[in-house]
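In case you want the letters, here they are:
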Amino acid sequence: VPSVPPPCRAADRVPSPAVTAMVASAAQLAQGRVPLEQRDFCGHHLLRLLRCHRDNFPVPWGCHELRHAWDSCQHEDYVMRMKEFERERRLLQRQRRLRQSQGDTGDT
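Residues numbered from 1 in each chain as written. Predicted model: local features only at pLDDT ≥ 70, side-chain atom pairs only at ≥ 80, totals over all residues. Heavy atoms only, no water.

Asks: In this structure, what is going on with the state of the cysteines? I would like to understand it.
Replies: In protein structure, a disulfide is the covalent linkage between the sulfur atoms of two cysteines. Applying the stated criterion to the full structure yields two disulfides. Residue pairing for Cys42: its cysteine sulfur links by disulfide to Cys73, the two sulfurs lying 2.1 Å apart. The sign of the S-S torsion, about -85°, decides the handedness of the disulfide formed by Cys42 and Cys73: left-handed. You can see Cys42 sitting in the loop between helix H1 (26-31) and helix H2 (43-55) and its partner Cys73 sitting in helix H3 (residues 64-107), a full 31 residues away along the chain. You can call Cys42 buried: its relative accessible area is 0%. Since its relative accessible area comes to 3%, Cys73 is described here as buried. Here Cys52 engages in a disulfide with Cys63; their sulfurs sit 2.0 Å apart. Every disulfide takes its handedness from the sign of the S-S torsion; for Cys52 and Cys63 that torsion is -90°, giving left-handed. Here Cys52, found in helix H2, pairs with Cys63, found in the loop between H2 and H3; they are eleven residues apart in sequence, far enough to count as distant. (Disulfide = S-S within 2.5 Å. Helix = DSSP H or I, 4+ residues; strand = E, 2+ residues; numbered from the N terminus. Buried < 20%, exposed > 50% of the residue type's maximum accessible area, 1.4 Å probe, protein only.)

Right, dumping it as structure tokens:
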């Protein structure tokens, strides 16, 4: 839960369209037997990858493009979350610093 006011949060900026919304529904992910811990914003890529692995069972190297798409989506999601975390951390530090400077000037 973000503690920074809404206009200052990174989530209010325009994020990458690749990881902003769930594409696959929960029912599709359940039907595709996607593990619960992997049902995230990149679940639709994993769903396609698992389907490809099932269709090309003895030949695992036929799904490299799908694996790359899923890995790229996971990486973009991770980078976006780290950027949001870092921005919120810096905004909280800024708020503390401003409060301390106002407290210091108010006492003198």
